[in-house]
Amino acid sequence: MSRLAGKTAIVTGSTRGIGKAIAIRYAREGANVVVSGTNAALCAEVAEAIRKEGGTALGVPCDISELEAIHHLYDRTLDVFGEINIVVNNAGIAVFKPFVEVDPETVRRIWNVNLFGTFFSGQRAAREMIRQGKGGKIINMSSISEEVGTANLTQYATTKGGIKIMTKCMALELAQYRINVNAIGAGVIDTDISQEEFAKPGMREETVRRIPWGRMGASEDLAGTAVFLAHEDSDYVTGTTVFVDGGLIAM
Ligand SMILES: NC(=O)C1=CN([C@@H]2O[C@H](COP(=O)(O)OP(=O)(O)OC[C@H]3O[C@@H](n4cnc5c(N)ncnc54)[C@H](O)[C@@H]3O)[C@@H](O)[C@H]2O)C=CC1
Ligand SMILES: C[C@H](O)[C@@H]1OC(=O)[C@H](O)[C@@H]1O
């Protein structure tokens with residue numbers, strides 16, 4: 001299938017986990033994909049793996065919490081592919097800590113990556129898409145945490161609540177340019193982000209027990225929704241969150 005043929009997509013935080021699965025799937029759907037993350041070697045490695053299976057990919061390291069790095073990511077993408085049509089603001093970090101213990105530096109770091117990074121990557125994406133005059137797709141990675149509280153994740157859930165309203169405000173302003181802005185609300189996905197937490201006795205079993213679908217999500221479970229939100233099939237969908245969570249939010 002090549003539902004994204006002729007499109008260029010930036011996926012932030014795509015050296016592993018959910019972002020990597022989306023980058024690989026986008027390339028299989030024919031998009032030129034920019035693989036990005038803080039580790040330059042991993043960016044090159046994932047891009048090379050995509051090229052090996054016949055896709056088109058470029059690795060560009062970028063710490064999304066740094067404005068200059070964001071601009072470098074977009075400049076490099078434009079140099080190589082000439083256009084930006086799809087941006088997935090996926091890069092994110094989490095630290096599990098009780099609200100009464102978490103320190104300011106940790107909170108600042110999480111907010112800088114998850115909120116500042118999503119905000120200013122989205123801003124540059126919007127500016128380029130407006131300049132190009134062909135519309136575009138911006139997809140922000142959110143979570144069930146934008147909707148439900150989770151103990152020990154206040155510092156993180158706050159960012160997903162912020163991304164929820166950021167997505168709505170952006171969608172309102174950018175609809176006139178035919179730029180769709182949506183979020184994906186991921187449930188509990190089995191990636192590195194929470195392995196430390198799931199290593200605690202009984203935690204994994206207890207988490208799975210609460211998920212109606214009976215298992216945690218895999219990164220690949222997010223890819224189909226990411227394709228839909230990047231494709232013209234979703235042209236009348238904007239300002240909303242699509243939950244991919246095995247039914248967790250329904251509880
Ligand atoms: N795994 C889960 O259960 C859920 C994850 N999410 C969200 O999905 C997104 C991806 O998370 P996962 O794949 O699970 O985690 P992960 O830890 O496997 O991947 C995170 C990615 O973000 C990149 N990253 C981290 N800091 C960065 C920075 N400063 N600049 C650029 N890239 C940076 C990492 O290099 C990595 O590629 C995050 O936004 C996370 O909040 C949302 C809901 C559930
Ligand atoms: C980091 C958590 O394990 C993960 O992140 C989320 O957004 C989900 O709520 C999961 O709990």
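Residues numbered from 1 in each chain as written. Chains lettered and ligands numbered in written order. Predicted model: local features only at pLDDT ≥ 70, side-chain atom pairs only at ≥ 80, totals over all residues. Heavy atoms only, no water.

Before going further, it helps to spend a moment on the site of ligand 2. If you check the shell around ligand 2, you find Ala94, Phe96, Ser143, Ile144, Ser145, Tyr156, Gly187, Ile193 and Ser194 and nothing else. In the environment of ligand 2, an oxygen atom lies 2.7 Å from a nitrogen or oxygen atom belonging to the side chain of Tyr156. In isolation ligand 2 has 290 Å² of accessible area, and contact with the protein removes 90% of it. Of the residues in the shell around ligand 2, the class split is five nonpolar, four polar and no charged. (Near = heavy atom within 4 Å. Polar contact = N/O pair within 3.5 Å; in protein donor to acceptor, adjacent residues only side chain to side chain. Areas by Shrake-Rupley, 256 points an atom, 1.4 Å probe, with all protein chains shown as cover. Nonpolar A, V, L, I, M, F, W, Y, C, P; charged D, E, K, R; others polar.)

Axis separation between helix H1 (residues 17-28) and helix H8 (residues 223-230) bottoms out at 9 Å; the angle between their running directions is 55°. Overall, the two elements H1 and H8 adopt an arrangement that is oblique. At the point where H1 passes H8, the crossing takes the right-handed sense. Along its contact with H1, which presents Ala21, Ile22, Arg25 and Tyr26, the element H8 presents Ala223, Gly224, Ala226, Val227 and Ala230. Looking at the contact of H1 with H8 residue by residue, the class counts come to seven nonpolar, one polar and one charged. (Axes fitted to C-alpha atoms, helices over the stretch in contact; angles between N-to-C directions. Helix = DSSP H or I, 4+ residues; strand = E, 2+ residues; numbered from the N terminus. Parallel < 35°, antiparallel > 145°, perpendicular 65-115°, else oblique. Left-handed = near helix turned anticlockwise from the far one by under 90°. Contact = heavy atoms within 4.5 Å.)

Let us look at the environment of Phe243. Within the secondary structure, Phe243 sits in strand E7 (residues 241-244). A sequence separation of 137 residues divides Phe243 from Thr106, and the C-alpha atoms of the two residues are 27 Å apart.

Pairing is parallel across the open sheet formed by seven strands, whose spatial order is E3-E2-E1-E4-E5-E6-E7. Of all strands in the sheet, those with a lone pairing partner are strand E3 (56-61) and E7, marking the two edges. Here the strands of the sheet are splayed against their neighbours by 20° on average, with no regard to which way each runs. Sheet topology note: the strand E6 (residues 179-186)/E7 ladder contains four bridges and is parallel. By the bridge assignment, Gly185 is partnered in E7 with Phe243. Along the sheet face, helix H3 (residues 67-81) touches strand E1 (8-11), strand E2 (32-37), E3 and strand E4 (86-89) and points at about 150° away from the line of E3. (Pairing = 2+ DSSP bridges.)

As a further point, take the site of ligand 1. In the vicinity of ligand 1 there are 28 residues, among which Arg16, Asn90, Tyr156, Ile189 and Thr191 approach most closely. Thr15 places a polar side-chain atom, nitrogen or oxygen, 2.8 Å from an oxygen atom of ligand 1. One of the side-chain nitrogen or oxygen atoms of Lys160 is found 3.0 Å away from an oxygen atom of ligand 1. The fraction of the free accessible surface of ligand 1 (820 Å²) that becomes covered by protein chains is 92%. Broken down by secondary-structure element, the contributors of at least two residues to the shell around ligand 1 are H1, strand E5 (136-143) and helix H5 (154-174). Among the elements that make up the shell around ligand 1, the one with the highest residue count is E5 (three residues). When its residues are assigned to classes, the shell around ligand 1 shows 12 nonpolar, 12 polar and four charged.

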